[in-house]
Amino acid sequence: RLCATPSPPSPPPSPPSPPSSPPIAPPAPPIEFQVTVAGGSYPSEVSWTLMCSGALIGSGGAPYSGTLSAPPGECTLDMNDSYGDGWNGDQWEGAGNTFTLDSGSYGSETFILIPPSPPPPSASPSPPPPSASPSPPSPPPLQPPPPPSAPPPPPPSPPPSPPSPP
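Residues numbered from 1 in each chain as written. Predicted model: local features only at pLDDT ≥ 70, side-chain atom pairs only at ≥ 80, totals over all residues. Heavy atoms only, no water.

A word on the nonpolar core
Let me state the cut-off plainly: Here, the term nonpolar core denotes a set of buried Ala, Val, Leu, Ile, Met, Phe, Trp, Tyr and Cys residues that are joined through side-chain atoms within 4.5 Å. Partly exposed describes any residue whose relative accessible area lies between the buried limit of under 20% and the exposed limit of over 50%, with all areas from a 1.4 Å probe on protein chains only and scaled to the type maximum. Put simply, DSSP H or I for four residues or longer makes a helix, DSSP E for two residues or longer makes a strand, and each gets a number counted from the N terminus. Contact criterion: two residues are considered in contact whenever any of their non-hydrogen atoms come within 4.5 Å of each other.
Formed by 21 residues in total, the largest nonpolar core has its most connected members in V37, W48, L50, W87 and W92. When contributions to this core are tallied by element, the ones reaching two or more residues are β1 (31–38), β2 (46–52), β4 (64–70), β5 (73–81) and β8 (106–113). Beyond its immediate stretch of four places on either side in the chain, L50 contacts F33, A55, L56, I57, G58, L68, C75, T76, L77, W92 and F111.

Below, the structure written as structure tokens:
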């Protein structure tokens, strides 16, 4: 008689692997932008601070000109005037925004700092790549011949006229 050799026990199934978490997106690169503060009558009264995403990005007075760098997100510009009569024409310009303190000693403006959009594709369309073998222009598609015209129907015959009285 044949002796069946017992097969070795199969290894236990491996436990299911935990679902892989989605990769964490790298933080958006900071955006650099020029800031100028100028144009007013009493610059020594002017001061400002810029906070973006909870971090102090910059502060200064007037005149001011510099490059700031901040992550994309919400920014708040706090504007102060030590005399209390507004910025008298000074303007804070940066990241595509222009703000001023029209009156009083304090004002605040909020804006969203967004990354600059990529440059638009060039206006001139690029020529199609040359093909390996130049193909002759294709002839226009053939039009089917028009259907033969049917002969016009005969005109209706007039009704027979009644016999004329004698």
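Notes on the side chain of D78
The following threshold applies: In protein, a polar contact requires one atom able to donate a hydrogen and another able to accept it; more generally it is a pair of N or O atoms within 3.5 Å, and residues adjacent in sequence count only if both atoms are side-chain atoms.
Along the chain, the position of D78 falls in strand β5. On the basis of relative accessible area, D78 is assigned to the buried category, the value being 19%. A distance of 2.7 Å separates a polar atom in the side chain of D78 from a polar atom in the side chain of Y106. Excluding anything up to four places from it in sequence, D78 contacts S47, W48, T49, Y106, G107 and S108.

Topic: the sheet that holds strand β6 (residues 91–94)
The test is simple: Between any two strands, at least two bridges found by DSSP are needed for them to pair. Only the contacting stretch of a helix is used when fitting its axis, a line to C-alpha atoms as for every element, and angles between N-to-C directions run 0 to 180 degrees.
Taken in spatial order, the 4 strands of this open sheet run β4-β1-β6-β7, and their pairing is antiparallel. Each edge of the open sheet is held by one strand with a lone partner, namely β4 and β7 (97–99). Each strand axis lies, on average, 20° off the axis of its neighbour in the sheet, ignoring direction. Two elements, β1 and β6, share 4 bridges in a ladder whose sense is antiparallel. Residue pairing in the sheet places T36 in a bridge with E93 of β6.

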